[in-house]
Amino acid sequence: MTASSTPELVVVNGDIRTMDGLFPRVEALAVTDGRVSALGTSDDIRALAGKATRILDCGGRMVLPGFQDTHIHLQDSGTGRASSVELDHIRSVDELIATIAAFAKANPDRPWVLGEGWYSGIFGEHNLDRHVLDKAVPDRPCLIVASDGHNGAINSKAIAAIGLTRDTPDPMNGHFVKDGRGEPSGLLYETTIRWVEDRMPPRTDADYMAGVRYGQALCNRHGITGVLDALVEERHMRVYNRLDRAGELTVRVAATGLVKPEESVDQALQNLERLRRDFATPMVRMHSAKFFLDGVLENRTGAMIAPYSDEKGGNAPLMFGENHLRELFIAVDRARFQIHVHVIGDKATQAAFDCLEAAYDTNGGWPSLHQLAHVQCIDPADIPRFRKLGVVANVQPLWARHEPSVTDVALPMVGEARGRWMYAFRSMIDAGAPYTLSSDWGVSTLNPFPIMQTAVTRQPERKGRDHPVFLPEERITIEEAVRGYTTYAAAAAWRAEDTGSLARGKFADLMVIDRDIFTVDPHDIAATEVQVTLLGGREVYRASGFSR
């Protein structure tokens, strides 16, 4: 590919922020064989066009590299959202019942009624149980899963259908909540959700393929061209593989293979090696290992160094034995897998650092970019360890705001002193931490623009500029936020050689947006709309009103 080759596409009349230091801002670019072949002025790039060359006139709009979401549950959330009633907007029990009941009435042939996305900052043991769901769905089983994926609820018909009784033992790292009489209340914590799902009518690969199509279309609509699916097993990789071989994928997929606490080191390695070897395609690869070290604060499964600070107190254990975890990290690192760790409590974060340091000391350093995802709570003494070990802080800024799950639940549980270090993004970056921004969809929206606005303002997008700012000293800049979705995200997904910036030779993954997010009022970033999204120069999304 050379600049003199006839391109299949030229993108002109744009404000192109390449995120590349050599040519950071240009008017136009050419695309040959799906890659950027030339950068320059609109006149220079138009001159390269041949008779068959397509022309995308941006009308002066901003162009950015395609964003990459490095912690997303694309297949599972896409499948769930495509077949369930969405509950993200629900804020009362009456509204929850009415919404689920309406969905059940509109879908009388479904053997199970499913819901996704209820807010664990509002619903929990105090107001949600099987009796509530019985009012919504009295005639067949019902399962609803919270937006965080760590909490669920079922009705009485579901309890009967799966054979759950007061004597059913909790699975490892899970808990069936009981009522005052010792009977299952219907609330599910952690791995009990999977326990229930394993006893439901199974979905088919066709169902999961439809879910991926749903999810990737949503990604493309918001300028996302690459993802890191944060939990995969054999089924996920098989489905992604089938879609890519059929030419249907419109996002680049990297993935993290789940490692379970009950697996031996040899079992875990054999499974990871098989997924990496057997399911790689041009658009898909499994490159990392996923570990859940704890749960979430909302259901008290987040692991803290000291007990919780509220009246109820208590604490949660790590989901892996620390010696076993250390052996796993050393072996997985030696096999040259990236390590991707779910950490919410400061104890989980500290244990992850300890085991990553053991791997570093044993195997030596290499450009792994191991990742700690979420990092809701951290001991400030551990912040310098990001830079020391080259570990990436994979953060979800949308959660760093004053809302019930933070102010009414999390902060009272951890207390004022530890609450100061909740979602400490500025402190991490200033300490030299590599970082990337992501959504954890379907826990929350995958739209990167509200996420970036919250990273910059530390305020909920719809509450206005007078709403209290959550730890204003931890705000980051819009430039840092965009880096977290482009160059740094590409590196974290091991795609930096081909993506992340619009440099010559890299894939023409890009978006055209309706405003200059670097200069608008920060409170207007969330309203940004994508006009066009290209993947390797191929149009995968166009807004209905965009005609150029």
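Preceding this section is the structure that the text describes.
No experiment lies behind these values; they were computed from the predicted model shown. (Residues numbered from 1 in each chain as written. Predicted model: local features only at pLDDT ≥ 70, side-chain atom pairs only at ≥ 80, totals over all residues. Heavy atoms only, no water.)

Give a detailed account of the layout of surface pockets, specifying residues and quantitative values.
When its volume is computed, the second largest pocket comes out at roughly 410 Å³. Element by element, the count of residues in the lining of the second largest pocket is highest for helix α13 (residues 404–419), at 3 residues. Residue composition of the lining of the second largest pocket, grouped by class: 6 nonpolar, 6 polar and 6 charged. (1 Å grid on protein atoms, 1.4 Å probe; cavity = no way out; pocket = protein on both sides within 12 Å on 5 of 7 lines; lining within 4 Å. Points joined across faces, edges and corners; volume = space filled by probe spheres on them. Helix = DSSP H or I, 4+ residues; strand = E, 2+ residues; numbered from the N terminus. Nonpolar A, V, L, I, M, F, W, Y, C, P; charged D, E, K, R; others polar.)

Please set out the packing of helix α2 (residues 74–83) against helix α8 (residues 234–245) residue by residue, giving values where relevant.
Axis separation between α2 and α8 bottoms out at 10 Å; the angle between their running directions is 85 degrees. One element, α2, and the other, α8, form an angle in the roughly perpendicular class. Between α2, through Leu74, Gln75 and Asp76, and α8, the contact on the second element is made entirely by Arg235, His236, Val239 and Tyr240. Looking at the contact of α2 with α8 residue by residue, the classes come out as 3 nonpolar, 2 polar and 2 charged. (Axes fitted to C-alpha atoms, helices over the stretch in contact; angles between N-to-C directions. Parallel < 35°, antiparallel > 145°, perpendicular 65-115°, else oblique. Contact = heavy atoms within 4.5 Å.)

How would you sum up the packing of aromatic side chains? Please name residues and give values.
Taken as a whole and judged by the stated rule, the model has 10 aromatic pairs. Ring geometry for Trp366 and Trp494: centres 5.9 Å apart, planes at 70 degrees, overall edge-to-face. Here Trp494 lies in the loop between α17 (487–492) and β22 (510–513) and Trp366 lies in the loop between α11 (346–363) and β19 (371–374), a separation of 128 residues in the sequence. When its relative accessible area of 25% is taken as the criterion, Trp494 is described as partly exposed. Three or more aromatic residues joined by ring pairs make a cluster, and in this case those are Phe67, Phe449 and Tyr485. Sitting above the plane of the Tyr208 ring, Arg235 keeps its charged end 3.7 Å from the centroid. For Arg276, the ring lying beneath its charged end belongs to Phe337, and the centroid distance is 3.6 Å. (Phe/Tyr/Trp six-rings, centres within 6.5 Å; stacked < 30°, edge-to-face > 60°. Buried < 20%, exposed > 50% of the residue type's maximum accessible area, 1.4 Å probe, protein only. Lys NZ or Arg CZ within 6 Å of the ring centre and 35° of its normal.)

Could you give an account of the nonpolar core, naming the residues involved and the relevant values?
If you look at the biggest cluster of nonpolar residues, it comprises 109 residues, and the most contacted ones within it are Phe291, Leu293, Leu297, Leu372, Phe386, Met452 and Ile517. With 6 residues, the single largest contributor to this core is α11. Counting 25 residues, the second-largest nonpolar core is a separate cluster that includes Val113, Ile122, Leu128 and Tyr189. (Core = buried A, V, L, I, M, F, W, Y, C linked by side-chain atoms within 4.5 Å.)

I'd like a rundown of empty space enclosed by the protein, residues and numbers included.
A water-sized probe, rolled over the atoms, reveals where empty space remains. Taken as a whole and assessed by the stated rule, the structure comprises 2 cavities of 30 Å³ or more. Approximately 50 Å³ is the volume attributed to the largest cavity. The wall of the largest cavity is formed by Ala393, Val395, Phe425, Met428, Ile429, Tyr435, Leu437 and Ile476. Listed by contribution, the elements that provide at least two residues to the lining of the largest cavity are β20 (392–395), α14 (425–430) and β21 (435–437). The element best represented in the lining of the largest cavity is α14, accounting for 3 residues. Along the lines of polarity and charge, the residues of the lining of the largest cavity split into 8 nonpolar, no polar and no charged.

Lay out the environment of Ile378 in plain terms, naming residues and giving numbers.
Looking at where Ile378 falls in the secondary structure, it is placed in the loop between β19 and α12 (385–389). Of the residues examined, Ile378 reaches a relative accessible area of 4% and is grouped as buried. Residues Ile378 and Asn173, spaced 205 residues apart in sequence, show a C-alpha to C-alpha distance of 22 Å.

Before we move on, could you go through the sheet that holds strand β18 (residues 338–343) and cite the residues and values that matter?
Taken in spatial order, the 8 strands line up as β8-β15-β16-β17-β18-β19-β20-β21 in an open sheet, and their pairing is parallel. Of all strands in the sheet, those with a lone pairing partner are β8 (67–72) and β21, marking the two edges. Pairwise comparison of adjacent strand axes, ignoring direction, gives a mean angle of 25 degrees for this sheet. Seen against the sheet, helix α9 (residues 265–278) touches β16 (252–258) and β17 (284–292) and runs at an angle of roughly 155 degrees to β17. Of the strands in this sheet, β17 and β18 touch helix α10 (residues 322–334), which is tilted by about 165 degrees from β17. (Pairing = 2+ DSSP bridges.)

An account of the side chain of Thr70 is needed here, citing residue identities and associated values.
With respect to the helices and strands, the residue Thr70 is situated in strand β8. One polar contact links Thr70 to Thr436, side chain to side chain, over a distance of 3.0 Å. Residues within four places of Thr70 in sequence aside, it is in contact with Leu228, His340, Gln371, Asn394, Thr436, Leu437, Ser438, Ala489 and Ala492. (Polar contact = N/O pair within 3.5 Å; in protein donor to acceptor, adjacent residues only side chain to side chain.)

Help me get a handle on the pairing of strand β24 (residues 538–542), residues and values and all.
Regular strands show a simple pattern: their side chains alternate between the two faces of the sheet. As judged from the 4 bridges shared by strand β23 (residues 530–535) and β24, these two strands associate in the antiparallel manner. Each bridged residue has a counterpart across the sheet, and for Leu535 the counterpart in β24 is Arg538. Connecting β23 to the antiparallel partner β24 that follows it, the hairpin turn spans 2 residues, and Gly536 within it adopts a positive phi of roughly 55 degrees.

Explain the sheet that holds strand β11 (residues 142–146) to me, and be specific about the residues and the numbers.
Whether parallel or antiparallel, the strands of a sheet pair through hydrogen bonds between backbone atoms. What the 6 strands build is an open sheet, ordered β9-β10-β11-β12-β14-β13; its pairing is mixed. Strands with a single pairing partner mark the edges of an open sheet, and in this sheet they are β9 (85–86) and β13 (174–178). Across 4 bridges, β13 lies against strand β14 (residues 184–190) in antiparallel orientation. The residue bridging Gly174 from the neighbouring strand is Glu190, located in β14.

I'd like to hear about helix α15 (residues 448–457), residue by residue, with values.
For α15, the tally of buried residues reaches 10 of 10 residues, placing the bulk of the element in the interior. Buried within α15 we find Pro448, Phe449, Pro450, Ile451, Met452, Gln453, Thr454, Ala455, Val456 and Thr457. The N-cap of α15, judged by a side-chain oxygen 3.1 Å from the amide nitrogen of Phe449 a few residues on, is Asn447.

Got a sec to walk through helix α7 (residues 205–221)? Specific residues and values, please.
Given a rise of 1.5 Å per residue, 17 residues ought to cover 24 Å, and the 24 Å separating the end C-alpha atoms of α7 matches this to within 8%. In this fold, the buried residues of α7 make contact with β8, α2, β15 (224–232), α8, β23 and β24. Just downstream of α7 lies Gly223, where phi reads positive at about 80 degrees. (Expected span 1.5 Å × (residues − 1).)

Account for the pattern of salt bridges, with residues named and values stated.
Using the criterion set out here, one finds 37 salt bridges in the structure. The salt bridge partner of Asp516 is Arg17, with a shortest N-O separation of 3.6 Å. One end of the pair, Asp516, is in the loop between β22 and β23; the other, Arg17, is in strand β2 (residues 15–17), with 499 residues separating them in the sequence. A network of salt bridges, in which partner residues are shared, links Asp354, Glu357, Asp382, Arg385 and Lys388. (Salt bridge = Lys/Arg side-chain N within 4 Å of Asp/Glu carboxyl O.)

Tell me about the environment of Leu22, and name the residues and values.
Mapped onto the elements, Leu22 comes out in the loop between β2 and β3 (25–26). Residue class for Leu22 comes out exposed when judged on its relative accessible area of 66%. It is 21 Å that separates the C-alpha atoms of Leu22 and Gly536, two residues lying 514 residues apart in sequence.

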